[in-house]
Amino acid sequence: MVNGLVAPKRKDPLADAGTPLSRRAREAGGQPIGELMHRALARPELISLAAGFVDQASLPVEATRVALEQVLAEATAGKAALQYGTTLGFPRLRELLLARMRAADPGLSAASLERVIVTAGSNQLLHLLADTLLDPGDIVLVAAPTYFVFLGALASVGARSLGVAADAQGLVPESLDERFAALARSSELSRVKAIYATSYFDNPSGASIERQRRPRIVDLVQRWSQQAKRTIYLIEDTAYRELRYEGQDLPSLRSLDATGEHVILTGSFSKSFSPGIRVGWGLLPPELVQPVCDQKQNIDFGSPNFNQHLMAAVLESGLFDPHVAELRGRYRQKLKAMLDAAERHLGKVPGASWQRPQGGLYVWLTLPPHVDAGLHGRLFQLALDAGVLYVPGEYCYPAEGPKAAKNTVRLSFGVQDEAGIARGMKALGEALAEVC
Ligand SMILES: Cc1ncc(COP(=O)(O)O)c(C=O)c1O
């Protein structure tokens, strides 16, 4: 037990606990990350390098006000925005999204309007995909480490998440191939439904899939689909694509899938504009459009229409790109502050290393092998005492595959300003000095 910072003990999901909850509801409780965030909010004096929130100071109040006035400027159009929308989403926004996807990936083929869906954040689409594709016992291959919220979505539908090695260049194609081969040998290939990968500035590792690896990964998915005699999907999460601070943009995995039958692209305005508006999107293979819509029909038959009109106005009025340019400048400075502070306060710790991302919101730290950075380890307690909170990296590992590395930490430079980042990193360095 660390300062009471411990996840509630999980109940046996099958045990009868008086309150007649579903198995899924019982399985969903007690996630350590949820508890971590709860405690962070309860102790506002802590410097949180944990939360994946965006920079508060640069949230686009003025641009949103302008777009809002446009949406409501004329009564008929304003009323349309205040009415329910359609399941696939506001047609004008979908057109604008398609145009942006084409501009970002000039090689994009087989991308048409009927394949574009708008959701309440990309997280909703990830959940819809889990519901649409997966039965209990089905397998999804994910990078180890990966976005832990999606691991929760997989667990909630009873799917197995199986890790594939990833390094500073992202998912390792050889490891993916080996994993497929091993599953084929154990006659489990038929259970593999999808691969999930964040292709730009991953959460938590900050790594982007390297240029040469991209076509190889798409090719592997296509080849193993042939072997399995049905489609294995590659879910490409591009939530951080716009947040690049260095280097050239890379072609999406989706743009390398000529027919668009294997790669499902998910995107989001949460990081690049506002998570409060919470609009995400997807570019789906044709045969998934109706099944995903059928799921969505049962949930909300369309995401909040007003927010979609608002985002369409943001894009049409040219308010989006200048904001992203401003954000890039802001986060570039914050990333530099974190990397400088890491050098200063962790640089002398033997065995400590970190990756230098070119974008996104996270820095992934690997500590000496004997350091347990988990909620129950000494470092976490010492860091809390010193006033800093981080996400233990071990929670970002899938249930199966490469062993969860307890000596890893996810740091976010999204929320704190440069001074907060410097103070947080100093506190972390002091805590680390005590355990090393
Ligand atoms: C990798 C990744 N994908 C998807 C999301 C979901 O974002 P949203 O649902 O706000 O679009 C996040 C949020 O942190 C993320 O880190």
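Residues numbered from 1 in each chain as written. Predicted model: local features only at pLDDT ≥ 70, side-chain atom pairs only at ≥ 80, totals over all residues. Heavy atoms only, no water.

Draft legend 1. Looking closely at the pairing of strand S8 (residues 263-268). Across the 6 residues of S8, 6 count as buried, placing the element largely inside the fold. Every second residue of S8 is oriented toward a common face, with Val263, Leu265 and Gly267 on one face and Ile264, Thr266 and Ser268 on the other, all of them buried. Judged from the 4 bridges that link them, strand S7 (residues 233-237) and S8 form a sheet pairing that is parallel. The partner of Glu236 across the bridge, within S8, is Leu265. For S8 and strand S9 (residues 280-283), the ladder comprises 4 bridges, and the chain directions are antiparallel. Looking at S9, one finds that Gly267 is bridged to Trp281. (Buried < 20%, exposed > 50% of the residue type's maximum accessible area, 1.4 Å probe, protein only. Helix = DSSP H or I, 4+ residues; strand = E, 2+ residues; numbered from the N terminus. Pairing = 2+ DSSP bridges.)

Draft legend 2. Spotlight on the nonpolar core. Grouped together as the largest cluster of nonpolar side chains are 55 residues, with contacts concentrated most on Leu367, Leu379, Tyr390, Leu411 and Met425. Counting only elements with at least two residues in this core, the list comes to helix H2 (32-42), helix H12 (320-346), strand S11 (362-366), helix H13 (378-386), strand S12 (388-389), strand S14 (408-412) and helix H14 (418-435). Setting aside chain neighbours within four positions, we find Leu379 in contact with Leu367, Val371, Asp372, Ala373, Tyr390, Ala431, Leu432 and Val435. (Core = buried A, V, L, I, M, F, W, Y, C linked by side-chain atoms within 4.5 Å. Contact = heavy atoms within 4.5 Å.)

Draft legend 3. Representation of the site of the ligand. Taken together, 14 residues form the shell around the ligand, and within it Ser122, Asp237, Tyr240, Ser268 and Ser270 come nearest. Between the ligand and Asn123, the relevant distance is 2.9 Å, taken from an oxygen atom to a main-chain nitrogen or oxygen of the residue. Ser270 has a polar side-chain atom sitting 2.6 Å from an oxygen atom of the ligand. If the ligand stood free it would expose 400 Å²; the protein chains cover 94% of that surface. Of all the secondary-structure elements, those providing two or more residues to the shell around the ligand are helix H6 (121-133) and strand S6 (192-198). (Near = heavy atom within 4 Å. Polar contact = N/O pair within 3.5 Å; in protein donor to acceptor, adjacent residues only side chain to side chain. Areas by Shrake-Rupley, 256 points an atom, 1.4 Å probe, with all protein chains shown as cover.)

Draft legend 4. Geometry of the pattern of salt bridges. Overall, the coordinates contain 22 salt bridges when judged by the stated rule. For Lys296, the salt bridge goes to Asp300, with nearest N and O atoms at 3.0 Å. Comparing Lys296 with Asp300, the two get one shared label, buried. Each of Asp55, Arg330, Lys334 and Glu418 takes part in one network of salt bridges that share partners. (Salt bridge = Lys/Arg side-chain N within 4 Å of Asp/Glu carboxyl O.)

Draft legend 5. Structural detail: the packing of helix H3 (residues 61-72) against helix H11 (residues 305-316). Relative orientation of the contacting elements H3 and H11 amounts to 110°, with a least axis distance of 8 Å. The angle between H3 and H11 places the two elements in the roughly perpendicular class. By crossing handedness, the relation of H3 to H11 is classed as right-handed. In this structure, H3 uses Thr64, Ala67, Leu68, Gln70, Val71 and Leu72 to contact H11, whose residues at the interface are Phe306, His309, Leu310, Ala313 and Val314. (Axes fitted to C-alpha atoms, helices over the stretch in contact; angles between N-to-C directions. Parallel < 35°, antiparallel > 145°, perpendicular 65-115°, else oblique. Left-handed = near helix turned anticlockwise from the far one by under 90°.)

Draft legend 6. Geometry of the packing of helix H4 (residues 75-82) against H11. Orientation of H4 relative to H11, taken along the N-to-C sense of each, is 130°, at an axis distance of 7 Å. What the angle tells us is that H4 and H11 run oblique. For the pair formed by H4 and H11, the contact residues are Ala80, Ala81 and Leu82 on the first element and Asn305, Phe306 and His309 on the second.

Draft legend 7. View of the sheet that holds strand S10 (residues 353-354). Ordered in space as S10-S11-S14-S13, the 4 strands form an open sheet in which the pairing is antiparallel. Among the strands making up the open sheet, the edge pair consists of S10 and strand S13 (391-392). Sheet analysis places S11 next to S14, joined by 5 bridges and oriented antiparallel. What sits directly across from Trp364, in S14, is Arg410.

Draft legend 8. Summary view of the sheet that holds S9. With mixed pairing, the 8 strands of this open sheet are ordered in space as S2-S9-S8-S7-S6-S3-S4-S5. Each having just a single partner strand, strand S2 (116-119) and strand S5 (170-171) make up the two edges of the open sheet. Contacting strand S3 (139-144), strand S4 (160-167), S6 and S7, helix H7 (residues 148-156) crosses the sheet at an angle of about 160° to S3.

Draft legend 9. Inspection of the side chain of Thr266 at higher detail. Examined against the element boundaries, Thr266 turns out to sit in strand S8. Classification of Thr266 by relative accessible area gives buried; the value is 0%. Those residues in contact with Thr266 that lie beyond four places of it in its chain are Ser122, Leu125, Leu126, Leu129, Ile235, Glu236, Asp237, Thr238, Ala239, Trp281 and Gly282.

Draft legend 10. Fine view of the side chain of Lys296. The residue Lys296 is located in helix H10 (residues 286-299) in this model. Sequence-distant contacts of Lys296, defined by excluding residues within four places in its chain, comprise Thr87, Ile117, Val118, Thr119, Gln124, Leu128, Phe301, Gly302 and Ser303.

Draft legend 11. Quick look at helix H8 (residues 173-185). For H8, with 13 residues, the first-to-last C-alpha span of 18 Å sits near the 18 Å given by 1.5 Å per residue. Listing the buried residues of H8 in full gives Pro173, Ser175, Leu176, Phe180 and Leu183. Within H8, the buried residues cover an arc of 165° as seen down the axis, which keeps them to one side. Away from its buried face, by an angle of more than 90 degrees, H8 presents the exposed residues Glu178 and Arg185. In the stretch just after H8, Ser187 is the one whose phi turns positive, near 55°. (Expected span 1.5 Å × (residues − 1). Arc of directions from axis to C-beta.)

Draft legend 12. Layout of the confidence of the model for the chain. Of the residues in the chain, 95% have a pLDDT of 70 or more, and the chain-wide mean is 93. With pLDDT under 50 throughout, residues 1-11 is counted as low confidence; its partners more than four residues away or in other chains account for 33 contacts. (pLDDT = per-residue confidence, 0-100.)

Draft legend 13. Quick peek at unusual backbone geometry. The amide bond that connects Ala144 to the next residue, Pro145, takes the cis arrangement and shows omega of 10°. You can see Pro145 is positioned in the loop between S3 and H7. For the bond from Asn203 to Pro204, the omega torsion is 25°, close enough to zero to count as cis. Within the secondary structure, Pro204 is located in the loop between S6 and helix H9 (213-228).

Draft legend 14. Region of the structure containing the environment of Phe380. Among the structural elements, Phe380 can be located in helix H13. For the pair Phe380 and Ala431, spaced 51 residues apart in sequence, the C-alpha to C-alpha distance is 8.3 Å.

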